[in-house]
Amino acid sequence: MRFIQGQDRTQTHLFPISLDQSIAKDNEVRLIDLFVDSLDLNDFGFKVDFDENGRPAYRPSDLLKLYIYGYLNRTRSSRGLEKECTRNIEVMWLLRCLSPDHNTISNFRRDNPKAIKKVFRQTVQLAKHFNLIGGKLLAGDSTKLRAQNSKKNNFNQKKIDRHLAYIENKLSEYEKALAESDGDKKKIIEEEIDKKKHGKG
């Protein structure tokens, strides 16, 4: 019986494709890239100034792109995101082949929780700007009108607030999952024990 054969791994190609050509034009990573690059991260409260001494830091925008990608693709740990940087072609494209370690990713998340939440709220403003959600009030005078609008497809202020609360809750769940995976509580306890030891010494 004949089978479909894969390519020879050692074979070189006359016309190799670039990393950019490997990513479809409608891939979500292109949207993440454009969205984060359109933001002034300083206004959101991210730390953007770093000392020139020592090893250069990663750009906050690159780490934010990775964080958003992880959220959209349910990657629940900094170690998981670290692994994606070296094996996932979408992430390689998004970060231009940078591969921050899990401590760097974890510290970024822990140091910028409020700024990250502000960015997720900004997505609502972006959707409004591109008319993906409306902002007009429509009212009727009790006249019966025929419409093609089911309950799940219409929105009022109460429903919008409920959806925003749902998004906020999902984001908190994601942060909690990352914190548990990264062992935040364990680190805090170890730091407290270390302080007590040095205090007694």
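Since the model is a prediction, treat every value here as computed from it, not as a measurement. As a convention, each chain's residues are numbered from 1 in the sequence order in which they are written. The predicted nature of this model means local features are confined to residues of pLDDT at least 70 and side-chain atom pairs, given and counted, to a pLDDT of 80 or more, with totals for whole chains, interfaces and linings taken over all residues. The side-chain figures draw on all heavy atoms in the structure; neither hydrogens nor water molecules are used.

K.L.:
Quick question: what am I supposed to make of the layout of surface pockets here?
P.N.:
If a probe as big as a water molecule is rolled over the atoms, it shows which places are left empty. Here a cavity is any set of points on a 1 Å grid over the protein atoms alone where a 1.4 Å probe fits but cannot get out, and a pocket is any open set with protein on both sides within 12 Å along at least 5 of 7 lines; a residue lines the site when it has an atom within 4 Å of a point. Grid points are joined across faces, edges and corners, and a volume is the space filled by probe spheres set on the points. By volume, the second largest pocket is sized at about 360 Å³. Looking at the second largest pocket, it is lined by 13 residues, and the ones nearest its centre are Lys47, Phe50, Ala57, Leu63 and Asp111. By definition, any uninterrupted DSSP run of H or I lasting at least four residues is a helix, any uninterrupted run of E lasting at least two residues is a strand, and each is numbered from the N terminus. Examining the composition of the lining of the second largest pocket, we find that four residues originate from one element, helix H7 (residues 102-111), more than from any other. Note on residue categories: nonpolar means Ala, Val, Leu, Ile, Met, Phe, Trp, Tyr, Cys or Pro, charged means Asp, Glu, Lys or Arg, and polar means any other residue, Gly included. Taken together, the residues that form the lining of the second largest pocket break down as six nonpolar, three polar and four charged.

K.L.:
I keep staring at a nonpolar patch on the surface and nothing clicks. Help me out?
P.N.:
What goes into a patch is any residue over 30% in relative accessible area without a salt bridge, connected to like charges within 9 Å or, for nonpolar side chains (Val, Leu, Ile, Met, Phe, Trp, Tyr), within 5 Å. Per-residue accessibility takes into account occlusion by the displayed protein chains alone, with areas from the Shrake-Rupley method and a 1.4 Å probe. Each reported salt bridge corresponds to a side-chain nitrogen of Lys or Arg within 4 Å of a carboxyl oxygen of Asp or Glu. Nonpolar side chains collect at one region of the surface, where Ile160, Leu164, Tyr166 and Ile167 lie side by side and expose about 350 Å² of accessible area between them. Along the chain, Ile167 turns up in helix H9 (residues 157-182). Here's how the labels work: a residue is buried when its accessible area is under 20% of the maximum for its type, exposed when over 50%, partly exposed in between, all with a 1.4 Å probe on protein chains only. What makes Ile167 partly exposed here is its relative accessible area of 38%.

K.L.:
Could you clarify how one ought to interpret the packing of aromatic side chains in this entry?
P.N.:
By convention here, two paired aromatic rings are described through the distance between centres and the angle between planes. Centre distance within 6.5 Å is the pairing criterion for rings of Phe, Tyr and Trp, where only the six-membered ring of Trp is used; planes under 30 degrees apart are then read as stacked, over 60 as edge-to-face, and the remainder as tilted. All chains considered together, the criterion is met by three aromatic pairs. On the basis of an interplanar angle of 5° and a centroid distance of 5.8 Å, the ring pair of Phe46 and Phe108 is categorised as stacked. On the criterion of sequence distance, the pair formed by Phe46 in the loop between helix H3 (41-44) and helix H4 (60-72) and Phe108 in helix H7 is long-range, its members being 62 residues apart. For the pair Phe46 and Phe108, a shared accessibility class is recorded, and that class is buried. Summarising the aromatic geometry, the rings of Tyr67 and Phe120 are spaced 6.2 Å apart at their centres and angled 85° between planes, so their arrangement reads as edge-to-face. Here Tyr67 is found in helix H4, whereas its partner Phe120 is found in helix H8 (residues 113-129), with 53 residues between them in sequence. Here a set of aromatic residues connected by ring pairs shows up, and it is made of Tyr67, Tyr71 and Phe120.

K.L.:
What's the story with empty space enclosed by the protein in this structure? I'm lost.
P.N.:
Inspection of every chain in the model, using the stated rule, returns one cavity of 30 Å³ or more. In this model, the largest cavity occupies a volume close to 50 Å³. Forming the walls of the largest cavity are Leu63, Leu66, Tyr67, Ser78, Leu81, Ile105, Phe108, Arg109 and Leu178. Counting only elements with at least two residues in the lining of the largest cavity, the list comes to H4, helix H5 (78-87) and H7. The residue inventory of the lining of the largest cavity, partitioned by class, reads seven nonpolar, one polar and one charged.

K.L.:
Any chance you could explain the confidence of the model for the chain here in plain terms?
P.N.:
Predicted coordinates in areas of low pLDDT are best not read in detail. One number per residue, pLDDT, summarises how confident the predictor is, and it ranges from 0 to 100. The pLDDT averaged across the chain works out to 81; a share of 75% of its residues lies at or above 70. Of all secondary-structure elements in the chain, the lowest mean pLDDT belongs to helix H10 (residues 184-200), at 64, while helix H6 (residues 89-94) reaches the highest, 97.

K.L.:
For this particular structure, what's the right way to read the environment of Asn88?
P.N.:
Residue placement: Asn88 occurs in the loop between H5 and H6. Here Glu90 takes part through its backbone nitrogen, which lies 2.8 Å from a polar atom of the side chain of Asn88. Any pair of nitrogen or oxygen atoms within 3.5 Å is treated as a polar contact; in protein, a donor-acceptor pairing is required on top of that, and neighbouring residues in sequence qualify only through side-chain atoms on both sides.

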